[in-house]
Amino acid sequence: MADSSRVTLHDIAERLDLTKVSVSKALRGHPDISSGTKARVEETAQEMGYMPNRLAQSLSTNESGTVGVVVPKIAHTFFSDVLGGVYEVATENDYEIFLCVSQENESQERRHLRKLLSLQVDGLLVSVSENTEANAAFEKITDTNTPLVFFDRALKNVPASRVLVDDEQGAYDAVEHAIQSGHRHVAHIAGGPNVDIGRKRRNGYVAAVEASDIPLDDGLIVESGFDEAAGYRGMQTLLDRGRVPDALFAVTVPVALGAEDAIRESGRTGTEQIQIYSFGQHSMSRFFTRPHISVHQPARKMGKTALSILLEQIDHPDRSFRDVILPTRLVEPSDIQPPYSSRAPAT
């Protein structure tokens, strides 16, 4: 057997008594090659340990077979689930993923985008950082006609398709549920107006309160951020204002967790009764000391949908941009099944 690190199309062609061109076409599924020859070539290539040269293919086809993905966080279970959907579709379509994490840093995000463009990826999936505004990096994407799809967090003024959840309706449903459950002082730790999910979720909160008989109280709203530290700071701000809500709607699960830490450390009378609502379901919610009612986002479906749309745009560059809005639903801790619940009992 030839050294797998040096197996070439010529080696395969020589073994099968075919031309190098025929072997190349067979491996690419070209219609000029019979199904029988394709099967023989693929079997021999696998047996010999042939590894296709992606760089050479990209130079000849102007396609790299790669997609760049930029996310603001990787520790977020939500983004992990989204990436699971992305990788599923990528595998089905023989694409490789270059994953970059901005850590909620706009300058790092710009650097990632420039790097991915220099690698000549076929397209980009992006969920922007909490501080991102339209910038030169996104202008470059547009100028180079590189297909771009935003998911979860998007920029309105950049021409691109978007795959989002119904943030405003999800927030409305959570706050409406809190009010209908008898809570009269529902606080909101918001993510800030720069990112559309923060703006829309705050809008949903405000709309639900205004639709009730409870006056809107701006003192119960704190703009903070999207991570645990933001939740901790936001809850401290509410308590420093002397506001002890009977329910809290947090913009994300990490914000809810940070708020819970602040509540526990404060030891304030009445805080033990606070019911927490959070946007985004956490698989460990049933173990929290303070159960969360969650606005569930179909994260895996978001990832699959976003990459499917991007691959369509790669294949059909003239296709119009489109927005896909995925529905949410409220999930209570009792609705969350343990991951092992369907397994047979140990014997």
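One structure accompanies this document, and this report is about it.

Criteria and cut-off values
- Residues numbered from 1 in each chain as written.
- Predicted model: local features only at pLDDT ≥ 70, side-chain atom pairs only at ≥ 80, totals over all residues.
- Heavy atoms only, no water.
- Core = buried A, V, L, I, M, F, W, Y, C linked by side-chain atoms within 4.5 Å.
- Buried < 20%, exposed > 50% of the residue type's maximum accessible area, 1.4 Å probe, protein only.
- Helix = DSSP H or I, 4+ residues; strand = E, 2+ residues; numbered from the N terminus.
- Contact = heavy atoms within 4.5 Å.
- Axes fitted to C-alpha atoms, helices over the stretch in contact; angles between N-to-C directions.
- Parallel < 35°, antiparallel > 145°, perpendicular 65-115°, else oblique.
- Left-handed = near helix turned anticlockwise from the far one by under 90°.
- Nonpolar A, V, L, I, M, F, W, Y, C, P; charged D, E, K, R; others polar.

Description of the nonpolar core
Moving on, step 1. Residues Val67, Val69, Leu125, Phe151, Tyr205, Met235 and Leu307 are the most contacted members of the largest nonpolar core, which totals 66 residues.
Moving on, step 2. Per element, the largest residue contribution to this core is 8 residues, and it comes from helix H12 (residues 299-315).
Moving on, step 3. Those residues in contact with Met235 that lie beyond four places of it in its chain are Ile189, Pro245, Leu248, Ala259, Ala262, Ile263 and Ile274.
Moving on, step 4. If you look at the next biggest cluster of nonpolar residues, it comprises 19 residues, including Leu116, Leu117, Val158 and Leu164.

Topic: the packing of helix H10 (residues 228-240) against helix H11 (residues 253-266)
Moving on, step 1. Direction vectors running N to C along H10 and H11 enclose 45°, while the axes themselves pass 6 Å from each other. Regarding the angle of H10 to H11, the classification is oblique. As H10 packs across H11, the resulting crossing turns out to be right-handed. For the pair H10 and H11, the contacting residues are Glu228, Gly231, Tyr232, Met235, Gln236 and Leu239 in the first and Pro254, Val255, Leu257, Gly258, Ala259, Asp261, Ala262, Ile263, Glu265 and Ser266 in the second.
Moving on, step 2. Split by residue class, the contact of H10 with H11 holds 9 nonpolar, 4 polar and 3 charged.

Thoughts on the side chain of Thr328
Moving on, step 1. Along the chain, Thr328 turns up in the loop between strand E11 (323-326) and strand E12 (329-331).
Moving on, step 2. Taking the relative accessible area as the measure of exposure, Thr328 reaches 16% and is therefore buried.
Moving on, step 3. Beyond its immediate stretch of four places on either side in the chain, Thr328 contacts Val165, Asp166, Gly170, Phe279, Val295 and His296.

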